[in-house]
Amino acid sequence: MTPITPVILCGGSGTRLWPKSRKSKPKPFIPLVGETTLFEQTVARCGDTARFAAPVVVTGAAHVPHVQAQLGDAPDARIIVEPEGKNTAPAIALAALRLPEDAVMLVCPSDHHIADGGAFAEAAMRAAELARDDWMVSFGIAATAPETGYGYIERGEPIGERAFRTARFVEKPDLERAKQFLADGGFAWNGGIFAFRAGAFLAELERHRPDMLGRVRAAVEKGSEDGRCFHPDGTAFASIEGDSVDYAVMENTGRAAMVPADMGWSDIGNWPALRDVLATGDDGNVVRGEAELVDCTNVMVDSDGPRVSAIGLSDVIIVVDGDEVLVTTADGAQKVGKLQGAANQ
């Protein structure tokens, strides 16, 4: 069976986990969970050469040095350097046009945490089987809480073993709808992990976004190679009207499918999400660096230098990174990206 090709989407503006994550070195490239970075963990999850081909990484020029350094000497790994960000549909199209039509692509964000690598690999194998039959497959992440920050996938009729048609995609709901989805049991989070055959993806894009595909194709045809890096033509790529793969393809195709994936997934979308992944004690506190917490619950301290002392706090995040200090409630962490320090990097 042809190995699956991981297509790793790698970038970000470094705002939601500011000040630890910066524009110059955003979330994928810093060690947030364990000693390795989220990007390195994404590559490692697809490291079984019996199942996976060498990865294709799609990233921006500013992040190429980080990608090169953290890929190391990975043989046959390829890097596609986007001239500018145009959202996920053009990024995936770049990779698809650089692969054989029969290649099964496993599209993975580079900045997510997955605790259970075995469950991930099992879901990837099931998704690849469907993709070889030209299904456009989403991972349906097992919903464990009524989250309002994620889109949802409603499960449809079964397709074979532990796979389903996608009944519909649902935008981020309000809390009441999210509670209904959780109680229903037929909804999963849309984690942004997809599998499809390269040729099938391009055919769907041609059907639903022909202008986008034409412009991406022109950028590839006029592009140039530099070692393991491929540079699409900047002028052609700049003319693309960007869109997400969800809007451009997945919500329009008649071949949408989903595989359930219960794998300890988190998008580490803000500081409380990181705290929840790292917390191990009954008090919910997380300390990295020098800190003393007295009568505190669900408090996270991450300091790269000064000692932090806190008393009687609950649901508070304190981050010290270089010359920046962030103090926020857990609820307020959603607004971190709007702070001047984060937004004006």
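Here the structure is shown first, and the text comes after it.
Model, not experiment: these values are computed from the prediction.

A. Spotlight on the overall build of the protein chain. A tally of regular secondary structure across the protein chain gives eleven helices and 19 strands. In terms of its C-alpha atoms, the protein chain occupies a principal-axis envelope of roughly 60 × 50 × 35 Å. Taken over 345 residues, the protein chain has a buried fraction of 51%. By sequence separation, contacts in the protein chain at least 24 residues apart represent 66% of the contacts at least 6 residues apart. Summed over its atoms, the accessible surface of the protein chain is roughly 15300 Å², and 46% of this surface lies on carbon and sulfur atoms. If you average the places of the 33 positive and of the 49 negative side-chain charges in the protein chain, the two averages end up 3 Å apart.

B. How the structure looks around the layout of surface pockets. As a volume, the second largest pocket reaches approximately 220 Å³. As for the second largest pocket, its lining consists of 15 residues, and the residues nearest its centre are Cys46, Gly47, Ala54, Pro55 and Ala74. Its residues assigned to classes, the lining of the second largest pocket shows eleven nonpolar, three polar and one charged.

C. Spatial organisation of the side chain of Thr59. In this fold, Thr59 is placed in strand β2 (residues 56-60). One polar contact links the side chain of Thr59 to the main-chain carbonyl oxygen of Cys10, over a distance of 2.9 Å. Excluding residues that lie within four positions of it along the chain, Thr59 makes contacts with Cys10, Val64, Val67, Ile79, Ile80, Val81 and Glu82.

D. Up close: the side chain of Arg197. The topology assignment puts Arg197 in strand β9 (residues 187-197). For Arg197, the side chain forms a polar contact with the side chain of Asp134, separated by 2.7 Å. Look past the residues within four positions of Arg197 in its chain and what remains in contact with it is Glu101, Asp102, Ala103, Val104, Ala131 and Asp134.

E. Here's a closer look at the nonpolar core. Among the nonpolar cores identified, the biggest contains 44 residues, and Val7, Met105, Phe196 and Phe201 are the most heavily contacted of them. Among the elements that line this core, the one with the most residues is helix α3 (residues 88-97), at eight residues. Beyond its immediate chain neighbours, meaning those up to four positions away, Phe196 contacts Ile92, Ala103, Val104, Met105, Val107, Ala131, Trp135, Met136, Phe201 and Met250. The next biggest cluster of nonpolar side chains, apart from the first, holds 35 residues, and it includes Phe139, Ala178, Phe187 and Ala195.

F. Here's a closer look at the sheet that holds strand β19 (residues 324-329). Strand order across the open sheet formed by four strands is β14-β16-β18-β19, with mixed pairing between neighbours. Looking along the sheet, the strands with just one partner apiece sit at the ends: β14 (286-288) and β19. Put simply, the sheet's adjacent strands are angled 5° from each other on average, direction ignored. Of the pairings in the sheet, the one linking strand β16 (residues 300-303) to strand β18 (residues 316-321) comprises four bridges and is parallel in character.

G. Up close: the packing of aromatic side chains. Evaluated as defined, the whole model comprises nine aromatic pairs. Relative to Phe39, the ring of Phe29 lies with its centre 5.8 Å away and its plane at 55°, an arrangement referred to as tilted. With Phe29 in the loop between β1 (5-10) and α1 (38-45) and Phe39 in helix α1, the pair connects residues that are ten residues apart, well separated along the chain. Among the residues examined, Phe39 registers a relative accessible area of 0% and is labelled buried. When the ring of Trp189 is compared with that of Trp265, the centres are 6.1 Å apart and the planes differ by 50°; the resulting orientation is tilted. Here Trp189 is found in strand β9, whereas its partner Trp265 is found in strand β13 (residues 265-266), with 76 residues between them in sequence. You can call Trp189 buried: its relative accessible area is 4%. Aromatic rings pair up to connect Tyr150, Trp189 and Trp265 into one cluster. Its guanidinium or amino end placed over the ring of Phe164, Arg155 lies 4.9 Å from that ring's centre, counting from NZ or CZ. Across from the ring centre of Trp135, 3.9 Å away, lies the NZ or CZ of Arg255, which sits over that ring.

Procedures and definitions
- As a convention, each chain's residues are numbered from 1 in the sequence order in which they are written.
- Only residues with pLDDT of at least 70 are given local features in this predicted model, and only at 80 or more are side-chain atom pairs given and counted; all residues enter the totals for whole chains, interfaces and linings.
- As a rule here, side-chain values cover all heavy atoms of the structure and leave hydrogens and water aside.
- The secondary structure listing takes helices from DSSP runs of H or I that are at least 4 residues long and strands from runs of E that are at least 2 residues long, numbered from the N terminus.
- Working definition: with a 1.4 Å probe on protein chains only, accessible area under 20% of the residue-type maximum means buried, over 50% means exposed, and in between means partly exposed.
- A contact between two residues is defined here by any heavy atoms of the two lying within 4.5 Å.
- Under the convention used here, a 1.4 Å probe and the Shrake-Rupley method define accessible areas, while residue burial counts only the protein chains that appear.
- Working convention for charge: Lys and Arg count positive, Asp and Glu count negative, and His plus the chain ends are omitted.
- Each charge is placed at NZ for Lys, CZ for Arg, CG for Asp and CD for Glu.
- Only protein atoms enter the 1 Å grid used here, on which a cavity is any set of points holding a 1.4 Å probe that cannot leave and a pocket is any open set flanked by protein within 12 Å on both sides along at least five of seven lines; residues with an atom within 4 Å of a point are listed as lining.
- Grid points are joined across faces, edges and corners, and a volume is the space filled by probe spheres set on the points.
- Polar here means any residue outside two lists: the nonpolar Ala, Val, Leu, Ile, Met, Phe, Trp, Tyr, Cys and Pro, and the charged Asp, Glu, Lys and Arg; Gly therefore counts as polar.
- We define a polar contact as two N or O atoms separated by no more than 3.5 Å, with the added condition that, inside protein, one atom must be a possible hydrogen donor and the other a possible acceptor, whereas residues neighbouring each other in sequence contribute only through side-chain atom pairs.
- We call a set of buried Ala, Val, Leu, Ile, Met, Phe, Trp, Tyr and Cys residues a nonpolar core when their side-chain atoms join them within 4.5 Å.
- Only strands that DSSP links by at least two bridges are regarded as paired with each other.
- Lines fitted to C-alpha atoms define the axes, with helix axes restricted to the stretch in contact, and inter-axis angles between N-to-C directions lie between 0 and 180 degrees.
- Classification of ring pairs uses Phe, Tyr and Trp, with its six-membered ring standing for Trp, and accepts pairs whose centres are within 6.5 Å; under 30 degrees between planes counts as stacked, over 60 as edge-to-face, and the remaining range as tilted.
- Distance and angle both matter: a charge sits over a ring if NZ of Lys or CZ of Arg is within 6 Å of the ring centre and within 35 degrees of the ring normal.

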